[in-house]
Protein chains: 2
Amino acid sequence: MVQPGSIKGRYTIPARQGLAVPLAAGQGLRVINSSGTQVVDTWAFPDGDPAAFLSLEHCREVLQRIVFEPGDTLIDNRYRPLVTIAADTSPGGHDTLIAACSRAMYVHAGAGDDHANCADNLTAALAQHGRTMPFTPSPWNLFMLAPVKDGRTIDYVRPTSAPGDYVEVTAETDCLMAFSACPDDVYPTNGGDGTPQDAHVEVLM
Amino acid sequence: MVQPGSIKGRYTIPARQGLAVPLAAGQGLRVINSSGTQVVDTWAFPDGDPAAFLSLEHCREVLQRIVFEPGDTLIDNRYRPLVTIAADTSPGGHDTLIAACSRAMYVHAGAGDDHANCADNLTAALAQHGRTMPFTPSPWNLFMLAPVKDGRTIDYVRPTSAPGDYVEVTAETDCLMAFSACPDDVYPTNGGDGTPQDAHVEVLM
């Protein structure tokens, strides 16, 4: 007999690439920092509304916090519950303030016009599930640390997670979750020597 | 002879309503808190790219700050300069974290399904200039205070501006600026007794 909480499926988010995974209401999902050094840009999109998305500016408004933690229900841009954070074995502090990296960001940083990036990874991952978005929603940057000092200044520091640390969410509605193992090697976004690594996703029963 | 910096046009943003004003590269614009109590949600859209918008998550990334101040150049979602902050006579601290109020927000707050709101004001103001957006970009909430304490928690406090305080920007490119005199009477967003008031915009030579 399958126990509640046991693993139904395990997926790799290859280094520098994206992945999207459908989730049914009530299902759990773990985003695993297998290396301990990898930032995973994370999005969620409820089924049945092509203009709805996990909206960090709406979550910050309702939760009255710039970081989210276990017990928090994250909402879409219509204030509808999308996922609840069930567990977080990492030190937390996952960034909610910084844009997904994009082709334009790497051009702006002098890193060329063909650098892998989270915005294009999102587009490709959504396309595999027949979905498009007309813009890149702000990502929930799991394991990324961009702490705010003195109520004003953003610092960039490398992740402090341990290998295998994970964030677990439970879906509040049928939705598509999307992820990008951030290809950033310009900012101190990813940990270790900054080399992007594989991350993993487990879908629970 | 008209002096540089003199006023070319003055517009009212009526309480609870929106306004959009085209700006040419090099022109200045002042957003005036005429009552001292009014929050003005502010957006900017460069000419010639229907998918581009003033992006707070990109500004925060590059400026490494959650509040913007005179001298800062604000950018669009492609890292292109849009406006530079030329002056700010208010106490500053203009919020960059909280979503525009919307029909859904007032429904969520139990304030009915026909409440005036900044998201619909933006849509109407853009339409008067033949422009649409497929979503509501995060607004630069002028005169709104939502300070971050201890690097985590957002507080909501009423504006501390004086009547006539203004923020002045200079356009870095031809663009359309849009404003909403926030209709919020649910959160302590607007000052005084929370009643929305007229605000004003001056376009400089």
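Structure: above.
Residues numbered from 1 in each chain as written. Chains lettered and ligands numbered in written order. Predicted model: local features only at pLDDT ≥ 70, side-chain atom pairs only at ≥ 80, totals over all residues. Heavy atoms only, no water.

## A short note on the overall build of chain A
Point 1. Looking only at helices and strands, one finds 3 helices and 12 strands in chain A.
Point 2. Against the globule reference of 17 Å for 205 residues, chain A gives a C-alpha radius of gyration of 16 Å, in line with a compact fold.
Point 3. Here chain A holds 205 residues, and 57% of them are scored as buried.
Point 4. Accessible surface for chain A amounts to roughly 7700 Å². Of this, 50% is attributable to carbon and sulfur atoms.
Point 5. Taken together, the 13 basic and 24 acidic charged side chains of chain A have centroids lying 1 Å from each other. (Helix = DSSP H or I, 4+ residues; strand = E, 2+ residues; numbered from the N terminus. Rg over C-alpha atoms; globule rule 2.2 N^0.38 Å. Buried < 20%, exposed > 50% of the residue type's maximum accessible area, 1.4 Å probe, protein only. Areas by Shrake-Rupley, 256 points an atom, 1.4 Å probe, with all protein chains shown as cover. Lys, Arg positive; Asp, Glu negative; His and termini not counted. Charge placed at Lys NZ, Arg CZ, Asp CG, Glu CD.)

## Considering the relation of the copies chain B and chain A
Point 1. When chain B is fitted to chain A, the residual RMSD is 0.0 Å, and the transformation amounts to a turn of 180 degrees plus an axial shift of 0.0 Å. What the superposition gives is, in effect, a two-fold axis relating one chain to the other. Of the C-alpha atoms belonging to chain B, the one lying closest to the rotation axis is found on B:Gly151, 3.1 Å away.
Point 2. Of the interface residues in chain B, 100% have counterparts in chain A that sit at the interface too, so the contact is made through matching surfaces. (Least-squares fit on C-alpha atoms with pLDDT ≥ 70 in both. Contact = heavy atoms within 4.5 Å.)

## Notes on the pairing of strand S11 (residues 175-181) of chain A
Residue and element names in this part refer to chain A.
Point 1. Judged by how many residues are buried, S11 sits mostly within the fold: 7 of 7 residues are covered.
Point 2. Of the two faces of S11, both are covered, the one formed by Cys175, Met177, Phe179 and Ala181 as well as the one formed by Leu176, Ala178 and Ser180.
Point 3. Sheet topology note: the strand S2 (residues 18-23)/S11 ladder contains 6 bridges and is antiparallel. Bridge pairing in S11 places Pro22 opposite Leu176.
Point 4. As paired strands, strand S4 (residues 40-46) and S11 are joined by 7 bridges and run antiparallel to one another. The residue of S11 that forms the bridge with Val40 is Ala181. (Pairing = 2+ DSSP bridges.)

## A closer look at the interface of chain B and chain A
Point 1. Tallying the contact residues gives 32 residues for chain B and 32 residues for chain A.
Point 2. Counting the surface lost from both chain B and chain A, the interface buries some 3000 Å², and carbon and sulfur atoms represent 56% of this.
Point 3. When the area that chain B buries against chain A is broken down by residue, the three leading residues are B:Glu61, B:Tyr79 and B:Arg152, summing to 20%.
Point 4. The interface formed by chain B and chain A includes 2 salt bridges.
Point 5. The partner of A:Glu69 in a salt bridge is B:Arg152, with the nearest N and O atoms 2.4 Å apart.
Point 6. Applying the counting rule to chain B against chain A returns 16 residue pairs in polar contact (both at pLDDT 80 or more). (Buried area = accessible area lost by both parts, 1.4 Å probe. Salt bridge = Lys/Arg side-chain N within 4 Å of Asp/Glu carboxyl O. Polar contact = N/O pair within 3.5 Å; in protein donor to acceptor, adjacent residues only side chain to side chain.)

## Points about the sheet that holds strand S7 (residues 140-142) of chain A
All names here are of chain A.
Point 1. Overall, antiparallel pairing links the 4 strands, which are arranged S2-S11-S4-S7 in an open sheet. Each end of this open sheet is capped by a strand with a single partner; those strands are S2 and S7. Mean inter-strand twist for the sheet, computed between neighbouring axes without regard to direction, equals 25 degrees. (Axes fitted to C-alpha atoms, helices over the stretch in contact; angles between N-to-C directions.)

## Some details on the environment of B:Thr153
Point 1. Turning to its location among the elements, B:Thr153 is positioned in strand S9 (residues 153-154).
Point 2. Accessibility expressed as a relative area gives 31% for B:Thr153, which makes it partly exposed.
Point 3. Sequence separation between B:Thr153 and B:Ile98 is 55 residues, and the spatial gap between their C-alpha atoms is 13 Å.
Point 4. When near neighbours in sequence (up to four residues on either side) are disregarded, B:Thr153 contacts A:Gln64, A:Arg65, B:Pro147 and B:Val148.

## Here we look at unusual backbone geometry
Point 1. Look at A:Asp150: it is not a glycine, yet its phi comes out positive at around 55 degrees.
Point 2. Residue position: A:Asp150 is located in the loop between strand S8 (148-149) and strand S9 (153-154).

## Let's talk about the side chain of A:Glu202
Residues and elements named next belong to chain A.
Point 1. Tracing the sequence through the fold places Glu202 in strand S12 (residues 199-204).
Point 2. Judged by relative accessible area, which is 9%, Glu202 ranks as buried.
Point 3. Within polar-contact distance, the side chain of Glu202 engages the side chain of Arg10 at 2.6 Å.
Point 4. Each residue touching Glu202, except ones within four places of it in the same chain, is listed here: Ile7, Gly9, Arg10, Gly28, Leu29, Arg30 and Ile32.

## Examining the sheet that holds strand S7 (residues 140-142) of chain B
Residue and element names in this part refer to chain B.
Point 1. Strand order across the open sheet formed by 4 strands is S2-S11-S4-S7, with antiparallel pairing between neighbours. One side of each edge strand has no neighbouring strand; the edge strands of this open sheet are strand S2 (18-23) and S7. Strand-to-strand twist of the sheet, defined as the mean angle between neighbouring strand axes without regard to direction, takes the value 25 degrees.

## Points about helix H1 (residues 56-63) of chain B
Point 1. Of all 8 residues in H1(B), 7 are buried, a share of seventy percent or more.
Point 2. In this fold, the buried residues of H1(B) make contact with helix H1 (56-63), helix H2 (103-108) and S9 of chain A together with strand S5 (73-75) and S7 of chain B.
Point 3. Once H1(B) finishes, B:Gln64 follows within two positions and takes phi at roughly 55 degrees, a positive value.

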